[in-house]
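Remarks on the overall topology
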Amino acid sequence: MIITVTPNPSIDRTIALPGPLERGAVQRVDSVLSQPGGKGVNISRACVAAGVDTVAVLPAAADDPMVAELSATGVVCQPVAPAGPMRVNLTITEPDGVTTKLNAAGAAVGPHDLDALVDAALSGPRGAWVVLAGSLPPGADPQWYVGATARLRAAGMRVAVDTSGDALDAVIAALAPGEGPDLLKPNAEELAGATGAAVSDVHEDAGTAAAAARTLLDRGAGAVLATLGGAGAVLVDATGAWHAVPPPTTVVSTVGAGDASLFGHLVADLRGADGPGRLASAVAHGSAAAGLPGTTAPTPADVRTDLVGVAALDLSTAH
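These lines cover the structure that appears in this document, whether it is placed above or below. Position labels on residues start from 1 in each chain and follow its written sequence. The model is predicted, so local features are restricted to residues of pLDDT at least 70 and side-chain atom pairs to those at 80 or more, both for listing and for counting; the totals for chains, interfaces and linings are taken over all residues. Neither water nor hydrogens contribute to the side-chain values; these are computed over all heavy atoms in the structure.

**Side note on the overall build of the protein**
- Starting at the N terminus, helices and strands are each numbered in turn, a helix being any DSSP run of H or I of at least four residues and a strand any DSSP run of E of at least two. Helices and strands together make up the secondary structure of the protein, namely 10 helices and 14 strands.
- The C-alpha atoms of the protein give 19 Å as radius of gyration, which agrees with the globular expectation for 319 residues (20 Å, within 12%).
- Overall, the protein is about 55 × 45 × 35 Å in size when its C-alpha atoms are taken along their principal axes.
- A burial count over the protein gives 51% of its 319 residues as buried.
- Contacts spanning at least 24 positions in sequence make up 67% of the contacts within the protein whose residues lie at least 6 apart.
- Every accessible area reported is derived by Shrake-Rupley at a probe size of 1.4 Å, with residue values counting cover from the shown protein chains alone. Per element, the accessible surface of the protein, about 13,200 Å² overall, is 55% carbon and sulfur.
- With 17 positive and 31 negative side-chain charges, the protein shows a separation of 3 Å between the mean positions of the two kinds. Two things to know: the radius of gyration comes from C-alpha atoms, and the globule rule equals 2.2 Å times the number of residues to the power 0.38. Accessible area is worked out with a 1.4 Å probe on protein chains only. A residue is then buried under 20% of its type maximum, exposed over 50%, and partly exposed in between. Contacts are assigned to residue pairs that have any heavy atoms within 4.5 Å of one another. A residue counts as positive if it is Lys or Arg and as negative if it is Asp or Glu; His and the chain ends are not included. All charge positions are set by atom: Lys at NZ, Arg at CZ, Asp at CG, Glu at CD.

Here's what the structure looks like:
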């Protein structure tokens, strides 16, 4: 089972343009797509598409239309009382694949508003993966992910963290042997920022990206899956390091591709895959998601793991 916890969910509206975005101009659109969003929500939707048991924990009223929509698509929701109305995020996609995101901040929370999310996740089965993902709403303590990880791991859960900004900085600063998340999933910019590596080097050289990820393992992360956009991804864990290249893809929307990659890793882990198999699944799912509109979750028919090339990396000489 995969339990997802999304502290700052959203309604994601994707506007597809027939041509390039022109600032200050009036433009017609090809389509408008509205979907339940937030990193954890996206992963729960991917679970349903792949037939994997999931529970989505999120702050929302029980009768919120978003909860009803998720439930109608097969996502089991566990809503907790929200601090305010659901935020709306806007994504603009252009024909060449360029994606512009306008994300709202979300409703402000008090010191303990997010504690109930962890309480709800703790009701799941021991040994399940719990994904803590996304931004924190205004007013939240940046240390929230650190405390949530500690509580969940102490209860026997496996924890994957995918966040950014101050929240990610707090997670990195708190890393200690045996105490960090079982899996961290930064992108290239986040990995570079967390480790002091140059962003261009992380993007362009898989060895540099893996060496940077290895420093997070040495500090206490169980494994690091770093997504590198069109360059694929690297995975580093206690057994080795690997780089995977995605199959050729016509990019429609990159929104949610990282979430799909994280899901691909987790579902492969649940099915007993080794490191290269988990990475191949991650890259195949992320690539499939990038070829779909909005935050549409790929189905097994969309995923071509057989087309993903995986190569082992030797970090023994890395500096």
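Additional details are given in the paragraphs that follow.
**Observations concerning the state of the cysteines**
- Two cysteine sulfurs form a disulfide in these notes if their separation is within 2.5 Å. Evaluation of the coordinates by the stated rule reveals 0 disulfides.
- Cysteine Cys77 is unpaired, with the sulfur of Cys47 as its nearest cysteine sulfur at 12 Å.

**Overview of the pairing of strand E2 (residues 10–16)**
- For E2, the tally of buried residues reaches 6 of 7 residues, placing the bulk of the element in the interior.
- Bridging between E2 and strand E6 (residues 87–93) involves 7 bridges; their strand directions are parallel. From the neighbouring strand, Thr14 faces E6, where its bridge partner is Thr91. In short, DSSP must find at least two bridges between two strands for them to pair.

**A word on the packing of helix H9 (residues 257–270) against helix H10 (residues 275–290)**
- To obtain an axis, a line is fitted to C-alpha atoms, over the contacting stretch when the element is a helix, and the angle between two such axes runs from 0 to 180 degrees between their N-to-C directions. Between H9 and H10, the least distance of the axes is 7 Å, while the angle of their chain directions is 145°. H9 and H10 meet at a crossing whose hand is right-handed. Within the contact between the two elements, H9 uses Ala257, Ala260, Ser261, Phe263, Gly264, His265, Val267, Ala268 and Asp269 and H10 uses Gly277, Arg278, Ser281, Ala282, His285, Gly286, Ala289 and Ala290. Two helices cross in a left-handed way if the nearer one is turned anticlockwise from the farther one by less than a right angle. They cross in a right-handed way if the turn is clockwise.

**Re the packing of aromatic side chains**
- In this scheme Phe, Tyr and Trp rings, the latter by its six-membered ring, pair at centre separations within 6.5 Å, and the angle between planes marks the pair as stacked below 30 degrees, edge-to-face above 60, and tilted otherwise. Using the criterion set out here, one finds 1 aromatic pair in the structure.
- For the ring pair Trp144 and Tyr145, a centre distance of 5.1 Å and an interplane angle of 75° mean the geometry is edge-to-face. As far as the burial class goes, Trp144 and Tyr145 line up, both buried.

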